[in-house]
Amino acid sequence: GVVPMRAALAAADPTTRFSRARLLPARVAVGVVVHNNPHEEVRRLSASLRLPTGPAEALALSRYLLSNGAGEYATLAQDLGFTLFDRQPNRGFGAGHNTLMRRAFEDGADYYIAANPDGFFAPDCIEQLVRASQHFGDRALVEAVQFPEEHTKTFDPETLDTPWVSGACLLVSRVAWQTLGGFDERMFMYCEDVDISWRALEAGLGVKHCPTALYYHDVTERDGQDWRARQMYLAGRYMAYKWGAPEFARKLEADLLRWGLIERIEDLEPLAEEFAGRVAPPYADFSRAFYFAAPRWE
């Protein structure tokens, strides 16, 4: 009948399984990297770091803030209870989070959640991310759903596998940190989340989407778009050489030159010899440019 069928479907649903499972006690660190972000954004994000009562009481929460060389955050961090890494040289998104992850795990965290400063957590987002990680034996990178504009890349509704996880709101377990060592710091910003996802797959770890964890992410374009475009194309070029797609790398080099983002291709850092001869694995998908995955809808 209908009831047994619904029960069978619920039993097969991974989100139902991990949402109903016992939440194991854990220490969770949330890390935020800022670069001249408005204080209001950091306050809004901080206000969302309130775990609901109930099973989430098994989680202990700490918070870390790194200022990439711009803005004054000392008083704000003290008011909001963040451990502050202030006036750091601006080495980029991945390097900033690596600094915070290293400290968080040294401080005893079981999980690190990278969170964009221009966003905030839904009430049970952190709990759901931890539940998903525990469901997969803490051997997976786990991303939250971004709203109101969700990323279009695919995920498997049964296994929750996804081609790569977004760094806008990403849980990294201690096991994943020990296995992967964080983001590749040779990318200043953009694509480092795709790269760590592919390295996770290469290492036998999972790359998972958590449909029950919601994170608001402001996708409004900011100033300095030429600078941002240059960083994205430089990161994509490096990724393409690293993962065996030199044709895509050469296309990006030509685009950088054509759009005036560089003066000469010869001025770019030479990368071909370092990664020469690598054959792209099946999950290293450059066929859709910077989407790096087939979309759920077109």
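Preceding this paragraph is the structure being described.
These figures come from a predicted structure and were not determined experimentally.

(A) Quick peek at helix H5 (residues 93-106). With 14 residues, H5 should reach 20 Å at 1.5 Å per residue; the first-to-last C-alpha distance of 20 Å fits that figure. Of all the 14 residues making up H5, eleven are buried; the element is thus mostly covered by neighbouring parts of the structure. Looking one or two places after H5, you find Gly108, whose phi comes out positive at around 105 degrees.

(B) Molecular detail of the environment of Ala144. Tracing the sequence through the fold places Ala144 in strand E6 (residues 140-147). For Ala144, a relative accessible area of 4% translates into the label buried. Dropping the residues within four chain positions of it, Ala144 is found in contact with Cys125, Leu129, Cys169, Cys210, Ala213 and Tyr215.

(C) Structural view of the pairing of strand E8 (residues 206-217). One ladder, built from three bridges, connects strand E5 (residues 119-121) with E8; its direction is antiparallel. Counted as the bridge partner of Gly119 is His217 from E8. Examined bridge by bridge, E6 and E8 share eight bridges and lie parallel to one another. Looking at E8, one finds that Phe147 is bridged to Tyr216.

(D) View of the packing of helix H9 (residues 225-242) against helix H10 (residues 246-258). At a minimum axis separation of 7 Å, H9 and H10 run at an interaxial angle of 155 degrees. For the element pair H9 / H10, the angle class is roughly antiparallel. Read as a crossing pair, H9 and H10 show a hand that is left-handed. Counting all contacts with H9, which are made through Arg230, Tyr233, Leu234, Gly236, Arg237, Ala240 and Tyr241, the residues of H10 involved are Pro246, Phe248, Ala249, Arg250, Leu252, Glu253, Asp255 and Leu256.

(E) Structural view of unusual backbone geometry. A cis geometry characterises the amide bond from Phe147 onward to Pro148, with omega recorded as 5 degrees. Structurally, the position occupied by Pro148 is in the loop between E6 and strand E7 (169-173). Its identity is not glycine, yet Asn36 carries a phi of approximately 60 degrees, on the positive side. Looking at the element boundaries, Asn36 is found in the loop between strand E1 (26-34) and helix H3 (39-47). The phi torsion at Asp138 lies on the positive side, around 60 degrees, for a residue other than glycine. Relative to the elements of secondary structure, Asp138 occurs in the loop between helix H6 (125-135) and E6.

(F) Broad picture of the pattern of salt bridges. What the rule picks out here adds up to 16 salt bridges. Two residues, Asp184 and Arg186, come together in a salt bridge whose shortest N-O distance is 3.4 Å. The partner of Lys251 in a salt bridge is Asp255, with the nearest N and O atoms 2.8 Å apart. On the criterion of helical spacing, the pair formed by Lys251 and Asp255 is a turn pair, its members being four residues apart in helix H10.

(G) Structural view of the sheet that holds strand E2 (residues 59-67). The strand order across the open sheet formed by eight strands is E3-E2-E1-E4-E7-E6-E8-E5, and the pairing between neighbours is mixed. A single partner strand is all that each edge strand has here, and the edge strands are strand E3 (83-85) and E5. Pairs of neighbouring strands in the sheet enclose a mean axial angle of 30 degrees, with direction left out of account. In this sheet, E3 lies alongside E2 in parallel orientation, the contact comprising three bridges. Within the sheet, the bridge partner assigned to Leu66 lies in E3 and is Phe85. Where H3 meets the sheet, it contacts E1, E2, strand E4 (111-115), E5 and E8, and its direction lies at approximately 10 degrees from that of E5. Helix-sheet contacts for H5 involve E1, E2, E3, E4 and E7, and the interaxial angle to E1 is about 150 degrees.

Rules used in this analysis
Counting of residues starts from 1 at the beginning of each chain's written sequence and follows it residue by residue. At least 70 in pLDDT is required for a residue's local features to be given in this predicted model, at least 80 for side-chain atom pairs to be given and counted, and no such filter applies to totals for whole chains, interfaces and linings, which use all residues. To obtain the side-chain values, all non-hydrogen atoms of the structure were included, while hydrogens and water were left out. Only DSSP runs of H or I covering at least 4 residues are called helices, and only runs of E covering at least 2 are called strands; the numbering of each starts at the N terminus. To estimate how far a helix should extend, the number of its residues minus one is multiplied by 1.5 Å. Only protein chains enter the accessibility calculation, which uses a 1.4 Å probe. A residue is then buried if its area is under 20% of the maximum for its type, exposed if over 50%, and partly exposed in between. Any two residues whose heavy atoms approach within 4.5 Å at even a single point are treated as in contact. Any two strands with at least two DSSP-identified bridges between them are counted as paired. To obtain each axis, a line is fitted to C-alpha atoms, and for helices this fit is confined to the stretch in contact; angles are then taken between N-to-C directions over 0 to 180 degrees. Angles are sorted into four bins: roughly parallel if under 35 degrees, roughly antiparallel if over 145, roughly perpendicular if 65 to 115, and oblique for all others. Left-handed describes a crossing whose near helix is turned anticlockwise from the far helix through less than a right angle; right-handed describes the clockwise counterpart. The rule for a salt bridge is simple: a side-chain nitrogen of Lys or Arg has to be within 4 Å of a carboxyl oxygen of Asp or Glu.

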